[in-house]
Amino acid sequence: MKIYNYGAINIDHIYQVPHLVKPGETLSSSSYQQVLGGKGANQSIALAKAGAQVLHIGRCNKSDQWAIEQLSQAGVNCDLVEGVDQPSGHAIIQVDQQAENCIVLFGGANQSFDPDDISTALKSAVAGDWLLLQNECSNIADAVNFAAAAQLKIVLNPSPMLSNIDDFPLHKVSLLVVNELELQQLLQRKCDTKEKMVEQVRKAFPDTDVVVTLGAQGAMWINADEQIQVDAYVVEVVDTTAAGDTFLGFLLAAIGRGESKKAALIAGCKASSLAVQRLGASSSIPTADQVAAL
Ligand code: RIB
């Protein structure tokens with residue numbers, strides 16, 4: 001299975017703080033790290049580390065060649081990654097002592113793709129290949145439409161949830177991967193019980209496989225016929241940044257290997273349980289051996 005991932009490459013600036021900064025407050029941080037991040041880059045790295053064949057479609061500033069090198073070193077094919085004149089996307093991330101975080105994003109080069117750039121990047125894709133998307137790059141709805149017409153299978157992680165989601169042709173997506181909050185926003189309602197959640201997902205997305213990450217309660221796969229839940233691993237959480245990206249990469253790689261839905265969910269949960277024990281974005285993603293050893 002060949003996976004194209006049209007996704008953001010960010011430079012993450014991560015600050016450990018006693019609490020998330022309040023309006024008007026000036027706060028000292030106890031540590032600072034600059035690492036490769038962006039949901040796209042993180043997911044590509046997780047996929048490659050999990051053994052999948054992944055081609056990243058993305059852009060960063062010409063001076064940030066190190067970011068492309070890190071993707072390549074992790075095993076990501078970067079033939080479709082370009083260095084451009086626009087500034088690289090970046091994220092300012094605060095992580096507090098309870099492992100809560102908050103993130104300010106600047107899109108930069110990630111927002112410089114027009115629909116023609118996306119179709120050009122995908123010209124070597126053939127029916128049956130996968131296209132993975134998040135919501136940090138420009139023209140995602142066009143990417144979905146193009147990929148569906150080319151009979152690619154589309155995996156969408158609609159994060160971060162912005163108002164443009166309303167224009168996404170979600171019925172063309174094969175696999176939707178969301179957290180509970182994102183699901184609530186898509187359904188425009190809060191589901192009090194798991195039964196209600198399953199019922200609402202089936203009603204809203206009758207032809208789509210939907211994977212919902214449930215934090216400490218694990219993850220659930222829902223489609224018209226099945227409902228599969230696996231538990232989370234109980235660990236000491238340091239930083240949840242990129243945990244969802246790690247989950248998705250290991251989940252999708254397992255599906256690509258033909259593993260069962262349950263096995264794929266377990267792989268995702270194992271990998272993300274390791275990621276949350278480390279500070280950082282792409283730097284927190286474990287290797288396949290570390291996940292297998294769990
Ligand atoms: O999912 C985590 C990512 O979100 C970070 O790496 C940051 O760049 C933001 O895009």
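Now for a description of the structure that goes with this document. (Residues numbered from 1 in each chain as written. Predicted model: local features only at pLDDT ≥ 70, side-chain atom pairs only at ≥ 80, totals over all residues. Heavy atoms only, no water.)

In this section: the sheet that holds strand β5 (residues 81-84). With mixed pairing, 9 strands are arranged side by side in an open sheet as β5-β4-β1-β8-β9-β10-β11-β12-β13. Bordering the open sheet on either side are β5 and β13 (227-230), each of which pairs with just one other strand. Geometrically, the sheet is characterised by an average inter-axis angle of 15 degrees between neighbouring strands, direction not taken into account. The pairing of strand β4 (residues 53-61) with β5 spans 4 bridges and is classified as parallel. The partner of C60 across the bridge, within β5, is G83. Where helix α1 (residues 39-49) meets the sheet, its contacts fall on β1 (2-6), β4 and β8 (130-133), and the angle it forms with β4 comes to roughly 150 degrees. Strand contacts of helix α5 (residues 180-187): β10 (175-179) and β11 (209-213), with the helix running at about 115 degrees to β10, the strand carrying the most contacts. (Pairing = 2+ DSSP bridges. Helix = DSSP H or I, 4+ residues; strand = E, 2+ residues; numbered from the N terminus. Axes fitted to C-alpha atoms, helices over the stretch in contact; angles between N-to-C directions. Contact = heavy atoms within 4.5 Å.)

Our focus in this paragraph is the sheet that holds strand β7 (residues 101-106). One open sheet holds the 4 strands; their spatial order is β3-β2-β6-β7, and the pairing between them is mixed. The strands lining the two open edges of the sheet, one partner per strand, are β3 (31-37) and β7. On average, each strand axis in the sheet is tilted by 20 degrees relative to the strand beside it, whichever way the strands run. In the sheet, strand β6 (residues 89-95) pairs with β7 via 6 bridges, with the strands oriented antiparallel. Each residue of the ladder has a partner; that of I92, found in β7, is V104. Packed onto the sheet, helix α2 (residues 65-73) meets β2 (10-16) and β3 and runs at close to 70 degrees relative to β3.

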